[in-house]
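Residue-level listing of the chains:
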Amino acid sequence: RECEPMFTEEVEPYLRRFADHILVSRMINIFGMGESRVEEILRPIMVSSINPTLAPYAKEGEVQLRVTASAPTEAEGLAICDKMIAQVRETEVGGYIYGLDAGSIERELVRELTSRRLRIACAESCTGGLCAKRLTDIPGSSAVLDGSIVTYANSVKEQFVCVSRETLAAHGAVSKETALEMADGVRRLFSSDIGISTTGIAGPDGGTPEKPVGTVFVAVSYNGVCTHRELHIGVYNSNVFGAGSSERAYIRHISASNALELALRLVRDR
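Throughout what follows, the structure given in this document is the object of discussion. (Residues numbered from 1 in each chain as written. Predicted model: local features only at pLDDT ≥ 70, side-chain atom pairs only at ≥ 80, totals over all residues. Heavy atoms only, no water.)

1. Overview of the pairing of strand β6 (residues 145-150)
Step number 1: Examined bridge by bridge, strand β5 (residues 120-124) and β6 share 5 bridges and lie parallel to one another. Across the sheet, the residue bridging to Ile120 is Leu145, located in β6.
Step number 2: Each parallel crossover has a hand, and for β5 linked through helix α5 (residues 130-136) to β6 it is right-handed. (Pairing = 2+ DSSP bridges. Helix = DSSP H or I, 4+ residues; strand = E, 2+ residues; numbered from the N terminus. Right-handed = clockwise from strand over helix to strand, strands pointing away.)

2. Here we look at the pairing of strand β9 (residues 225-232)
Step number 1: Bridging between strand β8 (residues 215-222) and β9 involves 8 bridges; their strand directions are antiparallel. Paired with Phe217 across the strands is Glu230, a residue of β9.
Step number 2: In this antiparallel pair of consecutive strands, β8 and β9, the connection spans 2 residues, and Asn223 shows a positive phi of 55°.

3. As for the sheet that holds β6
Step number 1: With respect to topology, 5 strands assemble into an open sheet ordered β6-β5-β7-β8-β9, the strand pairing being mixed. Every other strand in the sheet has two partners, leaving β6 and β9 as the edge strands with one partner each. On average, each strand axis in the sheet is tilted by 10° relative to the strand beside it, whichever way the strands run.
Step number 2: Sitting on the sheet, helix α8 (residues 176-189) touches β5, β6, β7 (194-200), β8 and β9, and the angle it makes with β7 is about 145°. (Axes fitted to C-alpha atoms, helices over the stretch in contact; angles between N-to-C directions. Contact = heavy atoms within 4.5 Å.)

4. Focus: the packing of aromatic side chains
Step number 1: Overall, the coordinates contain 1 aromatic pair when judged by the stated rule.
Step number 2: For the ring pair Tyr14 and Phe18, a centre distance of 5.1 Å and an interplane angle of 65° mean the geometry is edge-to-face.
Step number 3: Accessibility expressed as a relative area gives 42% for Tyr14, which makes it partly exposed. (Phe/Tyr/Trp six-rings, centres within 6.5 Å; stacked < 30°, edge-to-face > 60°. Buried < 20%, exposed > 50% of the residue type's maximum accessible area, 1.4 Å probe, protein only.)

5. Describing the sheet that holds strand β1 (residues 22-31)
Step number 1: Reading across the sheet, the 4 strands line up as β2-β3-β1-β4 and stay open at both edges, with antiparallel pairing between neighbours. The outermost strands of the open sheet, each flanked by one partner alone, are β2 (53-59) and β4 (97-100). Across this sheet, the average inter-strand angle for adjacent strands is 25°, counted without regard to direction.
Step number 2: Examined bridge by bridge, β1 and β4 share 3 bridges and lie antiparallel to one another. Pairing of Ile30 across the sheet is with Ile97, part of β4.

These values are about where atoms sit, not about what they do.
Written as structure tokens, this is what we have:
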């Protein structure tokens, strides 16, 4: 709180007196393509480009590309960055870009829903309210989030979000059929424009040979369309999510990210 004002108000203006250029950066946010694949596709651009530079950064479940330009003014620097961003969009990576300087999937989703005046509701099983938590982390989310329900028990899935007993008996709680009915049911429960759902096996117990730990289904219902995504989340290091965290936390995080990104993609496509 003390260092940042000192730098922006005193140090930066002082240093600018001795510089004939500034550095301007933009961040490209990517979801659904791994860092190694992104780097493989863009490596020729990364190697050949000097101004701006293009560098990948891995986050949990997503990739960021930092574009940095050197120019006399911010406006000129942004123009240089925009040319690189357009070049990246023309590659295979372009289809996986969900935002520019987005910060996070949930921030971009709140921004998109706000601009379209749409409202969303969540039905969560394996994520236990994490989708709603991440949405409400964003200022202004009250304008887009109607509510959330944790439908952990099958009886709650039936009673509150209208998952049929026949669906649960035939396909089980962890299935695309259940996820789809949850998403549509919670949308109708809260009279929202969009319903999202998650159901899966976060572990460490509960997996079977047919549905091992990390099997998750997420679904979104919007504008007459109900779609789903099947996930098989592998965890190779129990500390991959951070010190003191577990595989369970990692699976829940990736599941929530997929549900939020699927909602963002469907809203934009429709």
